[in-house]
Amino acid sequence: MDRELLIEVGCEELPASWLVPTADQFASRLRARLVELRLYVDAPIEAHATPRRLAVVAAGIADRQSDLDETISGPPVSAAFGPDGAPTPAALGFARKNGVEVGDLSRTETPKGTYLSFVRKQRGKAAVDVLPDLLGLVLRDLTFPKQMQWDARLDDGRGAFTFGRPIRWLLYLYGGRVVPFTIRRTALATSPLVQDVRTGAVTYGHRFLAVSGRPGRAIKVKSFADYKSRLGEHFVLLDRQERQARVMRELDAHARRLGGRVYHAAGAHSGLLREVPDLVEYPSVVAGAFATEFLALPEEVLTTTMIHHQHNFPVVDEHGKLMPAFLAVTNIEVDQPRKIAINAERALTPRLRDARFFWEADRKAPLESRLDRLDTLLFHKALGSYRAKATRLAQLARAIAADAFGRADVAPHAERAGLLAKADLVTDMVREFTELQGVIGGIYAREDGESPLVWKAIYHHYLPIGVDATVPPTSEQLGEAAPAWAAVALADKLDSVVGLFSAGERPTGTRDPFGVRRQLQGALKILVDLPEVGGVTRPIGIGGLVRATAAGFAGADVAAFDADLQAFVIDRLRHLFTQRGFRAAEIDAALNAADADLAPLAVRRRLEALQAMRGSDDFTQLAVLFKRVKNIAREATGEVAIDRSRLVEPAELALVQAFDAQAPKIRAALAVGDYRAAMSEAAVLRPAVDRFFTDVFVMADDAALRAARLHLMAALRDVVLGIADISHLGS
């Protein structure tokens, strides 16, 4: 009979960012341990988390372990019996150890020979006898960004027990009955107020609210349905989606009462909306206000202060302009909202005053005047100060705009933006509000009268964050500044990646303190989406950009780290295109094309063409045949030149004729970057290639004939590789 297993770990408040991953981890570790203990799991394991509790429920846990048949190997048969067939001491000892006669032993064939064996049948224990050990194993399995010592231990022989936060209670039910388990407190910690934590059939509601009696009163439960219902009665919404939906409803309702709507911009609102449900157990919303004089501050400063520093939601009017109001999410049922709003206003107003002070202090000097102070700010001990980085950015951004993009008209603006891009790092505003770096530099540049091509490039140069095609900045946000922004953003990211690689700061699976992986991902995203976000349609090779970047570092030897960097680039490109839904085989085909400088935009266009050709039978069959072409062409030596005088067989002549007709068309399509047309022209070769392999034996005895046929295969390989290595698509 299957029974419900319910576990709740009640603890001091966990950080909001831990809840979702820890709940998922709790469910996965519980399932793994149940399988290890041979307890059948009949249904998905459901996990929940609030700031004060982690809970999991499994609806169908078997009431007994599955039986175990364990095969125990003994001595080899050659050593177990003598010449007369009598058992040797080795066989007798093995049988005696397992409590059976020699005649009851089995023989098992292995790669090393035949061995005696014994199948030990172990009957499964009742679940109630196994489950007490389960919770200790799972609690030990859970990991947190930071573990806390809280003078606790488990009776598992491993000593001290750490956890994300101190555990205050344990609910542990199987089929409605308590499973015994205890977390011991150390002798020095034990007192009348500090006791061992023992499992029970009780949970606790909201820390401050209660239906009856006092807050903190124990609530007895029998099942998960009862548990969830009783928590709801005691002001705890267990389901995270329910908490989020409540927050959204109340935010919208309060914003409408104020005559506006909740502020949405640059993902800040959605990020806060994802975080807030993990800060509260029973969310309510109150509306507050601030002095209209603060509306003179830039929108970015106001919203950063409210969202990032106070976890408040700004409100805008019907025209999208900020109103002198905000919405705050609180963790209690609001009887007197004005009192709570006053407290929220008292917390926000000093922060706004600080922001206004920093704004006014910074505006007393132009952004350019801060360049020399960048010498006091170290970028990296091996790469110098941010002043040196600013000089490199200016030169590299100009070169990218003029040479790579072919936009000499944009180059001076890119150079200017590159020079000023890091100047805001020494402003008072960024020292206090680090989230505004780049953004406030762009605003200060705008206030100083710089061209939109300059200030917008500075404003957005830390972007993009992520690989999705729709992440900011968009072409609408950039306008005519798009090429200048792309040049500066690329220069900044490549300067960091190439410089840090040359300094030995290469990311590993667990270590990337300088964010090299994120920086390269942003650079590749720009290069992949250049037409949409940079206004540049030509593919730009990453290899040439790396060499141009390395030239800015005195003594940097690109060759010393080029192989590792190229592998890193390919890995990040593979990740980007995987996230965009392309198949692994398509990505391999596009990345292995004959593209010496590896242009990410060309890779994207190849992938889009490969997707479009999925339905073509000729192209699909050519991909299968191309595997054979590629393998055979390896035998070709010397310069690839087809000796047509040697090729006289009808199938050979047909392939040569098809190749001569299609190769110029393929190369012409490749010259203009039309990979779909090139693939369509290549697909025409399929019948001739198929016939060639059916009628012709390539590895002929005649050396000259063999060479001619191999060179034909090599020529075919080379022209198709210009499109993509379609051998990866063949089955």
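Attention in this report is confined to the structure presented alongside it. (Residues numbered from 1 in each chain as written. Predicted model: local features only at pLDDT ≥ 70, side-chain atom pairs only at ≥ 80, totals over all residues. Heavy atoms only, no water.)

### With respect to the overall build of the protein
Basically, it comes down to this: Only DSSP runs of H or I reaching four residues or more are called helices, and only runs of E reaching two or more are called strands; each is numbered from the N terminus. Relative accessible area decides the class of each residue, using a 1.4 Å probe on protein chains only: under 20% of the type maximum gives buried, over 50% gives exposed, and in between gives partly exposed. Whether two residues are in contact is decided by their heavy atoms: any pair within 4.5 Å suffices. What sets the accessible areas is the Shrake-Rupley method with a 1.4 Å probe; for residues, cover comes only from the shown protein chains.
Counting secondary structure elements, the protein contains 27 helices and 20 strands. Along the first, second and third principal axes, the C-alpha set of the protein runs to 105 × 100 × 50 Å. Here the protein holds 731 residues, and the buried ones make up 50% of them. Taking all contacts inside the protein whose residues are at least 6 apart in sequence as the whole, residues at least 24 apart take part in 70%. By element, 51% of the accessible surface of the protein is carried by carbon and sulfur atoms, the whole surface being about 33700 Å².

### Describing helix H19 (residues 542-550)
Given 3.6 residues per turn, any residue in an α-helix points the same way as the ones three and four places further on. Inclusion rule: Directions drawn from the helix axis to the C-beta atoms are what define this arc.
Buried within H19 are the following residues: Ile542, Gly543, Leu545, Val546, Thr549 and Ala550. What you see down the axis of H19 is that its buried residues fit within an arc of 160°, all on one side.

### Some points on the pattern of salt bridges
Put simply, the rule reads: Think of a salt bridge as a Lys or Arg side-chain nitrogen and an Asp or Glu carboxyl oxygen that are within 4 Å of each other.
For the structure on display, the rule yields 50 salt bridges. Across the salt bridge formed by Asp643 and Arg646, the nearest N and O atoms sit 3.8 Å from each other. A residue is classified by how much of its surface remains accessible, and Arg646, at 40% relative accessible area, is partly exposed. Salt bridges linked by common partners bring Lys525, Asp529, Glu532, Arg580, Arg604 and Glu608 together as one network.

### Quick word on the layout of surface pockets
To be explicit about the condition: With a 1 Å grid spanning the protein atoms alone, the term cavity applies to any set of points in which a 1.4 Å probe fits but cannot get out, the term pocket to an open set with protein on both sides within 12 Å along at least five of seven lines, and the term lining residue to any residue with an atom within 4 Å of a point. Grid points are joined across faces, edges and corners, and a volume is the space filled by probe spheres set on the points. Classification convention: Asp, Glu, Lys, Arg as charged; Ala, Val, Leu, Ile, Met, Phe, Trp, Tyr, Cys, Pro as nonpolar; all other residues, Gly among them, as polar.
As a volume, the largest pocket reaches approximately 1400 Å³. Residue lining of the largest pocket: 48 residues in total, with Glu435, Gln437, Val439, Tyr462 and Leu463 positioned closest to the centre. When contributions to the lining of the largest pocket are tallied by element, the ones reaching two or more residues are helix H7 (268-275), helix H8 (299-310), helix H10 (386-404), helix H13 (439-447), helix H14 (452-460), helix H16 (482-502) and helix H17 (516-528). Residue classes in the lining of the largest pocket are distributed as 21 nonpolar, 15 polar and 12 charged. Empty space within the second largest pocket amounts to approximately 370 Å³. Lining the second largest pocket are 23 residues, with Ile167, Arg168, Trp169, Val197 and Tyr204 sitting closest to its centre. Contributing elements (two or more residues each) for the lining of the second largest pocket: strand S9 (167-174), strand S12 (197-200) and strand S13 (202-204). A class-by-class count of the residues in the lining of the second largest pocket yields 10 nonpolar, 6 polar and 7 charged.

### Structural notes on H17
Quick reminder of the rule: Multiplying 1.5 Å by the helix residue count minus one yields the expected span of that helix.
With 13 residues, H17 ought to run about 18 Å at 1.5 Å a step, and its terminal C-alpha atoms sit 18 Å apart, in line with that. Where burial is concerned, most of H17 is hidden: 11 out of the 13 residues are buried. Taken together, the buried positions of H17 are Val516, Gln519, Leu520, Gln521, Gly522, Ala523, Leu524, Lys525, Ile526, Leu527 and Val528.

### Describing the sheet that holds strand S15 (residues 261-262)
Cut-off, in case you're wondering: A pair of strands counts as paired when DSSP detects no fewer than two bridges linking them. To get an axis, fit a line to the C-alpha atoms, keeping to the stretch in contact for a helix; angles then go from 0 to 180 degrees between the N-to-C directions.
If you walk across this open sheet you meet the 4 strands as S15-S17-S18-S16, and the pairing is antiparallel. Unpaired on one side and paired on the other, S15 and strand S16 (284-289) mark the two borders of the sheet. Where S16 lies against strand S18 (residues 322-330), 6 bridges are found, and the strand directions are antiparallel. Within S18, the position partnered with Ala287 by the bridge is Leu327. Sitting on the sheet, H8 is in contact with strand S17 (312-316) and S18, with an inclination near 150° to S17. Docked against the sheet, helix H9 (residues 337-362) engages S16, S17 and S18, running at close to 60° with respect to S16.

### A closer look at the pairing of strand S6 (residues 113-122)
As paired strands, strand S5 (residues 106-110) and S6 are joined by 5 bridges and run antiparallel to one another. By the bridge assignment, Thr110 is partnered in S6 with Gly113. Hairpin connection, S5 to S6: the antiparallel pair is bridged by 2 residues.

### Points about unusual backbone geometry
Residues Leu463 and Pro464 are joined by a peptide bond in cis, for which omega reads 5°. Among the secondary structure elements, Pro464 is positioned in the loop between H14 and helix H15 (475-478). Unusually for a residue other than glycine, Arg38 sits at a positive phi of about 60°. Here Arg38 shows up in the loop between helix H1 (16-36) and strand S2 (45-50).

### Digging into the packing of aromatic side chains
Rule in force here: Pairing of aromatic side chains here covers Phe, Tyr and the six-membered ring of Trp, requires ring centres within 6.5 Å, and sorts the geometry by plane angle: under 30 degrees stacked, over 60 edge-to-face, intermediate tilted.
Summed over all chains, the structure comprises 15 aromatic pairs. For the pair Trp18 and Phe144, a centre-to-centre distance of 5.7 Å together with 45° between the ring planes defines the contact as tilted. Here Phe144 lies in the loop between helix H4 (127-141) and strand S7 (148-153) and Trp18 lies in helix H1, a separation of 126 residues in the sequence. Among the residues examined, Trp18 registers a relative accessible area of 9% and is labelled buried. The interplanar angle of 65° and the centroid separation of 4.8 Å between the aromatic rings of Phe144 and Phe163 together place this pair among those described as edge-to-face.

### Things to note about the packing of helix H22 (residues 600-612) against helix H25 (residues 675-683)
For clarity, the threshold we go by: An angle counts as roughly parallel when it lies under 35 degrees, as roughly antiparallel when it exceeds 145, as roughly perpendicular when it falls between 65 and 115, and as oblique in every other case. By definition, any crossing whose near helix is turned counterclockwise from its far helix by less than a right angle is left-handed, and any crossing with a clockwise turn is right-handed.
Their axes nearest at 8 Å, the elements H22 and H25 cross at an angle of 50°. Here H22 lies oblique to H25, going by the angle between them. You can see that H22 and H25 cross each other, and the crossing is right-handed. Where H22 abuts H25, its residues Ala602, Arg605, Arg606, Ala609, Leu610 and Ala612 lie against Tyr675, Arg676 and Met679.

### Remarks on the environment of Val467
Position of Val467 among the secondary structure elements: in the loop between H14 and H15. Owing to a relative accessible area of 11%, Val467 belongs among the buried residues under this scheme. As for Val467 and Leu622, which are separated by 155 residues in sequence, their C-alpha atoms are 32 Å apart. Apart from residues lying up to four places away in sequence, Val467 is in contact with Gln521, Lys525, His575, Leu576, Gln579 and Arg580.

### Regarding the pairing of S12
When S9 meets S12, the two strands line up parallel, connected through 2 bridges. What sits directly across from Leu171, in S12, is Gly200. Two strands pair when backbone bridges link them, and strand S11 (residues 182-185) and S12 are joined in this way by 2 bridges, in the antiparallel orientation. Paired with Thr182 across the two strands is Arg198, which belongs to S12.

Note that all results are geometric; they support no functional claim without further evidence.
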